[in-house]
Every structure is written in C-alpha cells, then in structure tokens.
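Here's the letter readout for the chains.
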Amino acid sequence: MVILSGMSYNLAMEKLSFKRVRTKRELTQAMAVRRAVFIVEQKIDEAEEYDGLDDTSLHFVALSDGKVVGTARVRFPSPEYAKIERMAVLKEFRRCGVGTGILARVEKELKARRVPVAVLHSQITAAPFYESRGYKPVGAHFYEAGIEHSKMKKQIGKD
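Residue numbering note: each chain is counted from 1, following its sequence as written. Local features in this predicted model are restricted to residues whose pLDDT is 70 or higher, and side-chain atom pairs enter the listing and the counts only when it is 80 or higher, whereas totals over whole chains, interfaces and linings include all residues. For side-chain calculations, the full set of non-hydrogen atoms in the structure is used, while hydrogens and water are omitted.

Undergrad: Please provide a residue-by-residue account of the overall build of the protein, values included.
TA: Segments assigned H or I by DSSP are reported as helices when at least four residues long, segments assigned E as strands when at least two residues long, and all are numbered from the N terminus. The helix and strand tally for the protein stands at four helices and nine strands. Along the chain direction, N to C, the helices and strands of the protein fall in the order β-β-β-α-α-β-β-β-α-β-α-β-β. Buried means the residue's accessible area, taken with a 1.4 Å probe over protein chains only, is under 20% of the maximum for its type, while exposed means over 50%, and partly exposed covers the values in between. The 159 residues of the protein split such that 46% are buried. We call two residues in contact when some of their heavy atoms are within 4.5 Å. Contacts in the protein between residues at least 24 apart in sequence constitute 59% of all its contacts with a sequence separation of at least 6.

In structure tokens, the structure reads:
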C-alpha cells in the first residue's frame, strides 16, 4: 500500500521511506549507490560521475530497513527550474516503486520551494518511466557519458 503523503509504504515486507539527505552517513551511502549503478554497472568514468557539484546540491534517498537503496540529487541552475540528476536505484530494488517514491519526494520539495519546472536528462531506456510520471521529452536525443539521453521536463508548481 502506497502512502504518498507520509512518503513511505511497505514493499515485499520491507519498509521503504524517502527523505532528503541530512547526514554525512546518508550522503556516503547515496554515493555508494551511484557508484554501484553508474561506475560499476554502467561503466561510467568515476571523474565524470563525481563532477564536483555534489557539495552544492540537494540529495534525496530511498531507504529500505535503514539502508540506502536509491538516490537522486537536485541542483538549482536558475530560479525558473530545478535539475534532477544522478537518479539511481540498486538493481534488486528496481521496478518496485523506489524511483517513483524518490521522484515524489523530490517534487514535494520543489513544490515547497515554489520551483515551477523540473528538468532532467533521462537515459533513453528510462524515458518511459519518466514519461509515466508526467515528464515530457524536449528536443533531440544526445549523448552524456557515452549513453543516449533525452532532455525531459515537467511543470511542478506555480508562483
């Protein structure tokens, strides 16, 4: 049963929760998820993954029994939009609602901050997931880290 207002629900007997990163330990665990997904699984260069922007970004995590199993970061390049980046879910937790929960938590934060639009660069294989969450493709496909991507955006809130 999903309870979005409380941002947690039970999944296969495991309690999932979604939150903004507040501790160094949570951030370290989020970085470990990114390492597992992007560097190990997808073979993205470590220097490209850790781009020096993490210290000035917001980070969000999905936790299962206290362990970080998914993450995303958010930057604010402009007052007109926020950019959701580095969304990653451990392989064994994919297609279980973790990504949906992280996006819901991120969007809740963006609404609270009165950010009107969220943008992201989706890997082509993940684009249907984002489309099912209301994100629309914008422009032509392009490559980042050697992987085909699509820029996508979604109206989040109004001023």
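Undergrad: Please set out the environment of His149 residue by residue, giving values where relevant.
TA: Position of His149 among the secondary structure elements: in strand 9 (residues 147–155). Residues contacting His149, with those up to four places away along its chain left out, are His121, Ser122, Gln123, Ile124, His141, Phe142 and Glu144. Two N or O atoms count as a polar contact when they lie within 3.5 Å, although within protein this holds only if one can serve as hydrogen donor and the other as acceptor, and sequence-adjacent residues are included solely when both atoms are side-chain atoms. Within the structure, His149 has its side chain in polar contact with the backbone oxygen of Ile147 (distance 2.6 Å).

Undergrad: Which residues make up unusual backbone geometry, and what values do they have?
TA: If you check the backbone angles, Arg95 has positive phi at about 60 degrees while not being a glycine. Structurally, Arg95 is set in the loop between strand 6 (81–89) and helix 3 (98–112). Despite not being glycine, Ala145 shows a phi value in the positive range, around 55 degrees. By relative accessible area, Ala145 is classed as partly exposed at 29%.

Undergrad: With reference to specific residues and values, describe helix 3.
TA: When the terminal C-alpha atoms of helix 3 are compared, their 21 Å separation across 15 residues agrees well with the 21 Å that a helix rising 1.5 Å per residue should span. For helix 3, the buried fraction is high: eleven of the 15 residues fall into the buried class. If you check which residues of helix 3 are buried, you get Val98, Gly99, Gly101, Ile102, Leu103, Ala104, Arg105, Val106, Glu107, Glu109 and Leu110. Just past helix 3, the residue Arg114 takes up positive phi, approximately 60 degrees. The span you would expect from a helix comes to 1.5 Å times its residue count less one.

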